[in-house]
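Architecture at a glance
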Amino acid sequence: MAVGQNQRNRKNDPMVSKTGKAKLGPLTTAQLSKLLDSSTKPKEKAKIQRAINKRPPVAAPSAEPVAA
């Protein structure tokens, strides 16, 4: 009877995996870099850094307006 009681009481969070680790996929690069700064675990930092490196570089908006 005691098996699974914790699961019954715990709320499902879409940003946390089944094991309690944060899901990095839906986060933006800014959010990931903030998470990297606040993290203290080397293994976690490496995972966040890999997630940042996987993202395509964001193209800076051009300063010149396009003439129509």
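In short, a report on the structure.

Reading the values: the criteria
- Residues numbered from 1 in each chain as written.
- Predicted model: local features only at pLDDT ≥ 70, side-chain atom pairs only at ≥ 80, totals over all residues.
- Heavy atoms only, no water.
- Core = buried A, V, L, I, M, F, W, Y, C linked by side-chain atoms within 4.5 Å.
- Buried < 20%, exposed > 50% of the residue type's maximum accessible area, 1.4 Å probe, protein only.
- Helix = DSSP H or I, 4+ residues; strand = E, 2+ residues; numbered from the N terminus.
- Polar contact = N/O pair within 3.5 Å; in protein donor to acceptor, adjacent residues only side chain to side chain.
- Contact = heavy atoms within 4.5 Å.
- Patch = residues over 30% accessible without salt bridge, like charges linked within 9 Å, V, L, I, M, F, W, Y side chains within 5 Å.
- Areas by Shrake-Rupley, 256 points an atom, 1.4 Å probe, with all protein chains shown as cover.
- Salt bridge = Lys/Arg side-chain N within 4 Å of Asp/Glu carboxyl O.
- Lys, Arg positive; Asp, Glu negative; His and termini not counted.
- Charge placed at Lys NZ, Arg CZ, Asp CG, Glu CD.
- Axes fitted to C-alpha atoms, helices over the stretch in contact; angles between N-to-C directions.
- Parallel < 35°, antiparallel > 145°, perpendicular 65-115°, else oblique.
- Left-handed = near helix turned anticlockwise from the far one by under 90°.
- Nonpolar A, V, L, I, M, F, W, Y, C, P; charged D, E, K, R; others polar.

**Structural notes on the nonpolar core**
Burial of nonpolar side chains together is a common tendency in soluble globular proteins. By size, the foremost hydrophobic cluster in this structure holds seven residues: Leu24, Leu27, Leu32, Leu36, Ile48, Ala51 and Ile52. Mapped by element, the contributors of at least two residues to this core are α2 (29–38) and α3 (42–54). If one sorts the elements of this core by residue count, α3 sits on top with three residues.

**Some remarks on the side chain of serine 39**
Tracing the sequence through the fold places serine 39 in the loop between α2 and α3. By relative accessible area, serine 39 is classed as buried at 6%. A polar side-chain atom of serine 39 sits 3.1 Å from a polar atom in the side chain of glutamate 44. Apart from residues no more than four positions distant in its own chain, serine 39 is found in contact with Glu44, Lys45 and Ile48.

**A word on a positive patch on the surface**
Together, Lys21, Lys41, Lys43, Lys47, Arg50 and Lys54 make up a positively charged patch on the protein surface. Structurally, lysine 47 can be placed in helix α3. Residue class for lysine 47 comes out partly exposed when judged on its relative accessible area of 37%.

**With respect to the packing of α2 against α3**
Close contact between α2 and α3 brings their axes to 9 Å; oriented N to C, the two are set at 160 degrees. With respect to their mutual orientation, α2 and α3 come out roughly antiparallel. The chirality of how α2 crosses α3 is left-handed. Here Thr29, Leu32, Ser33, Leu35 and Leu36 of α2 lie close against α3, whose contacting residues are Lys45, Ile48, Gln49, Ala51 and Ile52. The residue inventory of the contact of α2 with α3, partitioned by class, reads six nonpolar, three polar and one charged.

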